[in-house]
Amino acid sequence: MDKVKNIVKQNFTAYLEQKGYRKTPERYAILEEIYAHPGHFSVETLFQKMSDKNYRVSKATLYNTLELLLECELVVKHTYKNEMAHYERAENKHHEHLICTLCNRVEEFADDRLEEVLKTVGEKYNFEIHQNMWYVYGICKNCKLKMKKKTENSL
Ligand SMILES: [Zn+2]
Ligand SMILES: [Zn+2]
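1. Concerning the coordination of the zinc ion (ligand 2)
Note on the zinc ion (ligand 2): its protein donors are His 40 (NE2), Glu 88 (OE), Glu 88 (OE), His 95 (NE2), His 97 (NE2) and Glu 108 (OE). The metal-donor distances range over 2.0 to 2.8 Å. Each of the six donor atoms bound to the zinc ion (ligand 2) contributes to angles spanning 49 to 162 degrees, and the resulting shape is irregular. Sequence spacing of the donor residues for the zinc ion (ligand 2), all on one chain, is H-x47-E-x6-H-x1-H-x10-E. Placement of the pair is His 97 in strand S3 (residues 96–100) and Glu 108 in strand S4 (residues 106–109), with a sequence separation of 11 residues. Taking the relative accessible area as the measure of exposure, His 97 reaches 1% and is therefore buried.

Following this line, the structure appears as structure tokens:
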């Protein structure tokens, strides 16, 4: 993990220098916080995590730093239907997302067969695939259970 952190930091530094952006401690603190946790986060949850640690950083700085991290591809952004943007660090293992349209819960899954399908599609359309991201919308098991209980109660 520390090795990853160092590489990520080096990449960020190189990017900031190349663009002539300032290398502020806030920007590095945000990067470090993001890479300290796997999974998804929103600006709200990141802001909360940092204030829990008594690290004072404004939301404007968070947004601004996230934009930079997106540009240098250290962070991935997801925008789901009718929901705030979610982010995750870019080194997460490739995975797809199941999104519940009732409670907005996001579950991650990976299946090698999807890669096989994409390979076939790429060959068929003579298309060089670089990246893919699947969002599967539906209703999660918790919500299904709730709905079942509701109908049972109304009987
Ligand atoms: Zn749900
Ligand atoms: Zn994810």
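2. Section: the coordination of the zinc ion (ligand 1)
All of the protein donors around the zinc ion (ligand 1) are Cys 100 (SG), Cys 103 (SG), Cys 140 (SG) and Cys 143 (SG); their distances to the metal are 2.2 to 2.4 Å. Taken together, the four donor atoms coordinating the zinc ion (ligand 1) and their angles of 108 to 112 degrees define a geometry best described as tetrahedral. Spacing between the donor residues of the zinc ion (ligand 1) along their common chain follows C-x2-C-x36-C-x2-C. As far as burial versus exposure is concerned, Cys 140 and Cys 143 are alike and both buried.

Criteria and thresholds
Residue numbers here run from 1 along each chain, matching the order of that chain's written sequence. Whichever chain is written first is A, and whichever ligand is written first is 1; the rest continue in order. In keeping with the predicted nature of the model, local features appear solely for residues at pLDDT of at least 70, side-chain atom pairs appear and are counted solely at 80 or more, and the whole-chain, interface and lining totals rest on all residues. The basis for every side-chain value is the complete set of heavy atoms in the structure, and neither hydrogens nor water enter the calculation. A 2.8 Å cut-off from the metal defines N, O and S donors, relaxed to 3.2 Å for Na, K and Ca; water is not in the atom list, so some sites may appear incomplete. Between 85 and 135 degrees for all angles marks four donors as tetrahedral; over 155 degrees for opposite donors together with 65 to 115 for all other angles marks four donors as square planar and six as octahedral; every other arrangement is irregular. Each helix is a run of DSSP H or I of at least 4 residues and each strand a run of E of at least 2, with the numbering of both proceeding from the N terminus. Accessibility here uses a 1.4 Å probe with only protein chains present; expressed as a share of the type maximum, an area under 20% marks a residue as buried, one over 50% as exposed, and anything in between as partly exposed.

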